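Here's the letter readout for the chains.
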Amino acid sequence: LVLHSIVFGTAALQSDPPPVLVFTHVNVIDMTGAPLRKDMTVVIRGERIVALGKTGRTRVPRSAEVIDATGKFLIPGLWDMHAHLGTDEFDRKGHLALFIANGVTGIRVMDGDPVHHQWRQEVTTGALIGPRMVIASAIIGQSPIEVADARAAVLQAKREHADFVKVHEALSREAYFAIIDEARKQKLTVAGHVPLALTAVEVATAGQKSIEHFTGLDQAKSQESFALALAVVLRRYHTWLCPTLIMRLGYASLDDSRQTQSPRLKYVKPSWVRRWLRMSADAEKTAAT
């Protein structure tokens, strides 16, 4: 069980009176480090938890929808901090709903498109089942670009109401710092890869708010002293690391034929399954080094 306002759909937006949902006999993990709280009753009115206490000692409103959650666990909603969405109906009605089904109630979309903003509005109004979304710009710098084009890309991101700017590895130093400068002017943060022309220390001190996939950290992987010094810099400039380990695990398992038989593939877009199977077949043919 995952608690989030999306549980209520459109009802969460209808006031007077707000709906009441109650979980009884549930085990609560509040993610603060506190011990597991067993056999609890949680009362939610609208989008707020209004009561939490031992089952049998906590008042349950007469109008409430009551769910007996014996043997279940209640946790805060999870976030996927590096998600990619397509733009077709599979993504809109299938992909988004899968996040909710798996307890992921918030995502950071790392290659944004104007349609994603439309979907976010539909989720907000309850017309669509999906997680909260923080939406990046379209990726900037997958191939080299000029300084003027870098600034123009940031302005385009602003026009499209991106929540932040996403940078990639092919940016030159000049183009990268132009993006940083223009994003600051437009009051947008920057996140993404460490460009090959820069270091993790440089992007952190420039104000980049996250480094994806541990890019730019090769030296830190092999030199403990450098890793410790880098950690100090990242903490000072409030730069987060987003490791995306599940993606790396997927790549590492490409030559494992058992993965191609996974029943979870039925939930994946057919074009993605075909791509995965091609990659898996190629990996099986590749000699180990």
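Note: the structure precedes this text.
Given the structure is predicted, the values throughout are model-derived calculations rather than measurements.

Cut-offs used in this document
- Residues numbered from 1 in each chain as written.
- Predicted model: local features only at pLDDT ≥ 70, side-chain atom pairs only at ≥ 80, totals over all residues.
- Heavy atoms only, no water.
- Helix = DSSP H or I, 4+ residues; strand = E, 2+ residues; numbered from the N terminus.
- Polar contact = N/O pair within 3.5 Å; in protein donor to acceptor, adjacent residues only side chain to side chain.
- Contact = heavy atoms within 4.5 Å.
- Phe/Tyr/Trp six-rings, centres within 6.5 Å; stacked < 30°, edge-to-face > 60°.
- Buried < 20%, exposed > 50% of the residue type's maximum accessible area, 1.4 Å probe, protein only.
- Expected span 1.5 Å × (residues − 1).
- Arc of directions from axis to C-beta.

### Focus on the side chain of D91
With respect to the helices and strands, D91 occurs in helix 1 (residues 89-101). A distance of 3.0 Å separates a polar side-chain atom of D91 from the backbone nitrogen of G86. A distance of 2.8 Å separates a polar atom in the side chain of D91 from a polar atom in the side chain of K269. For D91, the residues in contact, after removing those within four places along its chain, are L85, G86, L96, W119, K269 and W272.

### What to know about the packing of aromatic side chains
Under the counting rule described, the total for this entry stands at one aromatic pair. Between the aromatic rings of Y176 and F177, the centroid separation amounts to 5.4 Å while the plane-to-plane angle is 80°, which identifies the pairing as edge-to-face. Assessed through its relative accessible area of 0%, Y176 is described here as buried. On the basis of relative accessibility, which here comes to 35%, the residue F177 falls in the partly exposed class.

### Focus: the environment of G86
Among the structural elements, G86 can be located in the loop between strand 7 (78-83) and helix 1. Between the alpha carbons of G86 and K285 there is a distance of 30 Å; along the sequence they are 199 residues apart. Those residues in contact with G86, other than ones at most four positions away along the chain, are D91, H116, W119 and K269.

### Things to note about helix 3 (residues 147-159)
With 13 residues, helix 3 should cover 18 Å at 1.5 Å per step; its first-to-last C-alpha distance of 19 Å lies within 8% of that length. For helix 3, the full list of buried residues reads A150, V154 and A157. Projected onto a plane normal to the axis of helix 3, the buried residues spread over an arc of 60° and lie on a single side. Along helix 3, the residues that are exposed and aim more than 90 degrees away from the buried face are A148 and R159. Buried positions along helix 3 lie against strand 10 (164-167) and helix 4 (173-185). Once helix 3 finishes, H161 follows within two positions and takes phi at roughly 65°, a positive value.

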